[in-house]
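Residues per chain, in single letters:
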Amino acid sequence: MRNLAIIPARGGSKRIPRKNIKAFCGKPIIAYSIEAALKSDLFDEVMVSTDDEEIAEVAIKYGAKVPFFRSSDNSNDYATLVDVLLEVINQYGVAGIEIENICCILPTAPLISSKRIVESFDLMKDKKYASIFPVLEYSYPIQRSLIKNSDGLIRMAWPENSSVRSQDLEKHYHDSGQFYWIKQKSLLSEKTVFTKNTGVVELSQLEVQDIDTLDDWKMAEIKYRIINAS
């Protein structure tokens, strides 16, 4: 197997109950990740790693496969993303299936596009990266961030930057929280998606929305409607 898409989606979301299959602009939010993966036409298989029967049913309905259920050890709050990916790789290995490249696609990324998945894969090949994922530039210079103490008083984290022009400060980026391409051999050897040879694709502010609260959810829906109205 050349390329495998893995969508990790356990059932025990806390801040937004049943988050991975909650309705988002007309369909379960996980459906957007599945459909983007399928539309990219890059994958031999698109699978969902879950411990939840309802999530499995939704995943299969939208075209993904659920060849096995996630173990209880990797279904708690302490299991890492890498733990889940390694378990999937091991299960496929037991079945005699070797994988070259893995794309871990998060289940709550409704702004994801197949175009970006393909673009990232092509760049990983061209630049010979071990892994690659999309990032977003911080909208405000983090060098001017503030810290509040227990008394409610504010101070600059880096006061030496108080008079430096914004355009003279180095740009910083953060993970977009959408997907991660990685070569299986690199994942097995380094046990991380952030390898020593990791590239990035930069996304726009409109393409990214972290979803941890209901306010985040509403903002993501607004961005989705804007993107799809253009």
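All values derive from a computational prediction rather than experimental measurement.

Conventions and cut-offs
Residues numbered from 1 in each chain as written. Predicted model: local features only at pLDDT ≥ 70, side-chain atom pairs only at ≥ 80, totals over all residues. Heavy atoms only, no water. Helix = DSSP H or I, 4+ residues; strand = E, 2+ residues; numbered from the N terminus. Axes fitted to C-alpha atoms, helices over the stretch in contact; angles between N-to-C directions. Parallel < 35°, antiparallel > 145°, perpendicular 65-115°, else oblique. Left-handed = near helix turned anticlockwise from the far one by under 90°. Contact = heavy atoms within 4.5 Å. Phe/Tyr/Trp six-rings, centres within 6.5 Å; stacked < 30°, edge-to-face > 60°. Buried < 20%, exposed > 50% of the residue type's maximum accessible area, 1.4 Å probe, protein only. Lys NZ or Arg CZ within 6 Å of the ring centre and 35° of its normal.

A. Structural context of the environment of Ala229. When you line up the elements, Ala229 lands in helix H6 (residues 214-229). With 162 residues separating them along the chain, Ala229 and Pro67 place their C-alpha atoms 36 Å apart.

B. The arrangement of the packing of helix H1 (residues 30-40) against helix H4 (residues 114-127) in detail. The N-to-C vectors of H1 and H4 enclose an angle of 55°; their axes lie 8 Å apart at closest approach. Relative to H4, H1 is oriented oblique. Seen along the crossing, H1 lies across H4 with a hand that is right-handed. Here Ala36, Ala37, Lys39 and Ser40 of H1 lie close against H4, whose contacting residues are Ser114, Ile117 and Val118.

C. Quick peek at the packing of aromatic side chains. A complete count under the given rule lists nine aromatic pairs for this structure. Each ring, one from Phe24 and one from Tyr32, has its centre 5.6 Å from the other, and the planes form 85°; the classification is edge-to-face. Neither Phe24 nor Tyr32 differs from the other in exposure class; each is buried. Relative to Tyr92, the ring of Phe68 lies with its centre 6.0 Å away and its plane at 70°, an arrangement referred to as edge-to-face. Of this pair, Phe68 sits in the loop between helix H2 (53-61) and helix H3 (81-94) while Tyr92 sits in helix H3; the two residues are 24 residues apart in sequence, bridging distant segments of the chain. An identical accessibility class is assigned to Phe68 and Tyr92; each is buried. By the ring-pair criterion, three or more aromatic residues cluster together here, those being Phe24, Tyr32, Trp217 and Tyr224. Positioned above the aromatic ring of Trp217 is the side chain of Lys22, whose terminal nitrogen or guanidinium carbon lies 5.4 Å from the ring centre.

D. Structural view of unusual backbone geometry. Positioned with a positive phi, Lys128 is a non-glycine residue whose angle comes to about 55°. If you trace the backbone, Lys128 turns up in the loop between H4 and strand E6 (131-137). Residue Lys191 is not a glycine yet carries a positive backbone phi of 55°. Judged by relative accessible area, Lys191 falls into the partly exposed class, the value being 47%.

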